[in-house]
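Descriptive analysis of the structure
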Amino acid sequence: MYAAAGIMLLVILTAAAGIYSCVSRNGRYVDVDASEPDLDVQLLDVNPYSRPGIQSDGINGIVIHYTANPGSTAQENRDYFNGLQYSQETEASSNFIVGLEGEIIQCVPTWEVAYASNERNSDTVSIEVCHPDETGKFTDETYRSLVQLTAWLCVKFDLTTDDVIRHYDVTGKICPKYFVEHEDAWEAFKENVGDAVGKSRREQG
Ligand SMILES: [Zn+2]
């Protein structure tokens, strides 16, 4: 009787430990691999304000940003970048935008310079991420897509999670805000990306 109860307890504890080990430090578990995510390709017109049409000098990193425009959608941000050729108010863009529902719009080919990461524009791929409010925290859907997109780019360009950086790491700008203000969330994000990359590399054998 006691032996049976003991075995039962052991089974429960083992199962709980198994689940726990999949959960990253900030408690988010994302079940994604590094396969190519669904990309809505809407390339910007080649123009001096958002798509200069210059080829990159190799790709040595992936730079994560947040839009700093709470509630704005991926489509609105993409259209804003494309509209800069007419408004001429500033130079800005990014290779990808991840939206509030996890949708991903590609604005600039990976091998072309986008105007997002200052002196790293010429050797990185940039990802702008939408967020619902001022905290800059991403929705679960957005976060999941961001992990998959980043992992896919790591595999595609033979990069590691050490090559995944924040805009903050380039210029000190508070971008992406949540990942600058919550170092643990940033580390957990990179861990999730590493797990996704590892899963794909294991699947490929
Ligand atoms: Zn930024």
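What this report covers is the structure whose coordinates are included nearby. Each chain carries its own residue numbering, running from 1 in the written order of its sequence. The predicted nature of this model means local features are confined to residues of pLDDT at least 70 and side-chain atom pairs, given and counted, to a pLDDT of 80 or more, with totals for whole chains, interfaces and linings taken over all residues. Water and hydrogen atoms were dropped before computing side-chain values, which therefore reflect all heavy atoms in the structure.

Describing the sheet that holds strand 1 (residues 40–41)
- Two strands pair under a simple rule: DSSP has to find at least two bridges between them. What counts as a helix is a DSSP run of H or I of at least four residues, what counts as a strand is a run of E of at least two, and both are numbered from the N terminus. Here six strands make up an open sheet; going across it, the order is 1-4-3-5-2-6 and the pairing mixed. The two strands at the open ends of the sheet, each matched to only one other strand, are strand 1 and strand 6 (164–166).
- Two elements, strand 1 and strand 4 (residues 104–106), share two bridges in a ladder whose sense is parallel. Residue pairing for strand 4: valine 41 is matched across the bridge by glutamine 106.
- In the packing of helix 6 (residues 183–204) onto the sheet, contacts are made with strand 2 (61–66) and strand 6, and the angle to strand 6 comes to roughly 155°. Note on contacts: a residue pair is in contact if any heavy atoms of the two residues lie within 4.5 Å. Here an axis means a line fitted to C-alpha atoms, over the contact stretch when the element is a helix, while the angle between two N-to-C directions is reported on a 0 to 180 degree scale.

A closer look at the side chain of asparagine 192
- Structurally, the position occupied by asparagine 192 is in helix 6.
- Looking at asparagine 192, its side chain comes within polar contact range of the side chain of tyrosine 143, at 2.7 Å. Polar contacts, as counted here, are pairs of nitrogen or oxygen atoms within 3.5 Å of one another; within protein the pair requires one atom able to donate a hydrogen and one able to accept it, and residues that are adjacent in sequence qualify only if both atoms are side-chain atoms.

So, the nonpolar core
- As used here, the term nonpolar core means buried Ala, Val, Leu, Ile, Met, Phe, Trp, Tyr and Cys residues forming a set that is joined through side-chain atoms within 4.5 Å. Buried means the residue's accessible area, taken with a 1.4 Å probe over protein chains only, is under 20% of the maximum for its type, while exposed means over 50%, and partly exposed covers the values in between. Counting residues in hydrophobic clusters, the biggest one holds 34 residues, and the most contacted among them are Ile64, Ile127, Leu146, Leu153, Phe179 and Phe189.
- Elements with a contribution of two residues or more to this core: strand 2, strand 3 (96–98), strand 5 (124–129), helix 3 (140–156), helix 5 (177–181) and helix 6.
- Counting residues per element, this core draws most heavily on helix 3, which supplies eight residues.
- If sequence neighbours within four positions are ignored, phenylalanine 189 has contacts with Ile64, Tyr143, Leu146, Val147, Thr150, Val164 and Phe179.

Concerning unusual backbone geometry
- For the bond running from cysteine 175 to proline 176, omega is -5°, close enough to zero to count as cis.
- In the Ramachandran plot, asparagine 118 falls in the positive-phi region, its phi being about 55° despite a non-glycine side chain.
- Position of asparagine 118 relative to the elements: it lies in the loop between strand 4 and strand 5.
- Even without being a glycine, aspartate 158 presents a positive backbone phi close to 55°.

Re the packing of aromatic side chains
- Only the six-membered ring of Trp is used, alongside the rings of Phe and Tyr, when aromatic pairs are assigned; centres must lie within 6.5 Å, and planes under 30 degrees apart are stacked while those over 60 apart are edge-to-face, with the rest tilted. Counting across every chain of the model gives seven aromatic pairs.
- Ring centres of tryptophan 186 and phenylalanine 189 lie 5.7 Å apart, and the angle between their planes is 25°; on these two criteria the pair is classed as stacked. Remark: phenylalanine 189 and tryptophan 186 occur in helix 6; sequence separation between them is three residues, near one turn of the helix. Of the two residues, tryptophan 186 and phenylalanine 189, both sit in the buried class.
- A network of ring pairs unites the aromatic residues Phe138, Tyr143, Phe179, Trp186 and Phe189 as a single cluster.

Observations regarding the pairing of strand 2
- Among the six residues in strand 2, six count as buried, and that is most of the element.
- Both faces of strand 2 are covered, namely the face carrying Gly61, Val63 and His65 and the face carrying Ile62, Ile64 and Tyr66.
- Summarising the sheet, strand 2 and strand 5 pair through six bridges and their orientation is parallel. Note that in strand 5 the partner of tyrosine 66 across the bridge is valine 129.
- Bridge analysis of strand 2 against strand 6 gives three bridges, and the strand direction is parallel. Bridge pairing in strand 6 places isoleucine 62 opposite valine 164.

Focus on a negative patch on the surface
- Patch membership is restricted to residues that have no salt bridge and whose relative accessible area is over 30%. Joining uses 9 Å for like charges and 5 Å for the nonpolar side chains Val, Leu, Ile, Met, Phe, Trp and Tyr. Only the protein chains shown count as cover for residues, and all accessible areas are computed by the Shrake-Rupley method using a 1.4 Å probe. The rule for a salt bridge is simple: a side-chain nitrogen of Lys or Arg has to be within 4 Å of a carboxyl oxygen of Asp or Glu. Charged-residue counts in this description rest on Lys and Arg as positive and Asp and Glu as negative, His and the chain ends being excluded. A single reference atom marks each charge: NZ on Lys, CZ on Arg, CG on Asp, CD on Glu. A surface patch of negative charge is lined by Asp40, Glu101, Glu103 and Glu141.
- You can see glutamate 103 is positioned in the loop between strand 3 and strand 4.

Points about the coordination of the zinc ion
- Each metal's donors comprise the N, O and S atoms found within 2.8 Å of it (within 3.2 Å for Na, K or Ca). Water is not part of the atom list, so some coordination spheres may appear incomplete. On the protein side, the zinc ion has His65 (ND1), His167 (ND1) and Cys175 (SG) as donor atoms, found 2.1 to 2.3 Å from it.
- Taken in chain order, the donor set of the zinc ion reads H-x101-H-x7-C. For the pair histidine 167 and cysteine 175, one class covers both residues: buried.

A closer look at the pairing of strand 5
- Of all six residues that make up strand 5, six are buried, and the element is covered over most of its length.
- Across the two faces of strand 5 the burial is the same, with Thr124, Ser126 and Glu128 and Val125, Ile127 and Val129 all buried.
- Bridge analysis of strand 3 against strand 5 gives three bridges, and the strand direction is parallel. Each bridged residue has a counterpart across the sheet, and for valine 98 the counterpart in strand 5 is valine 129.

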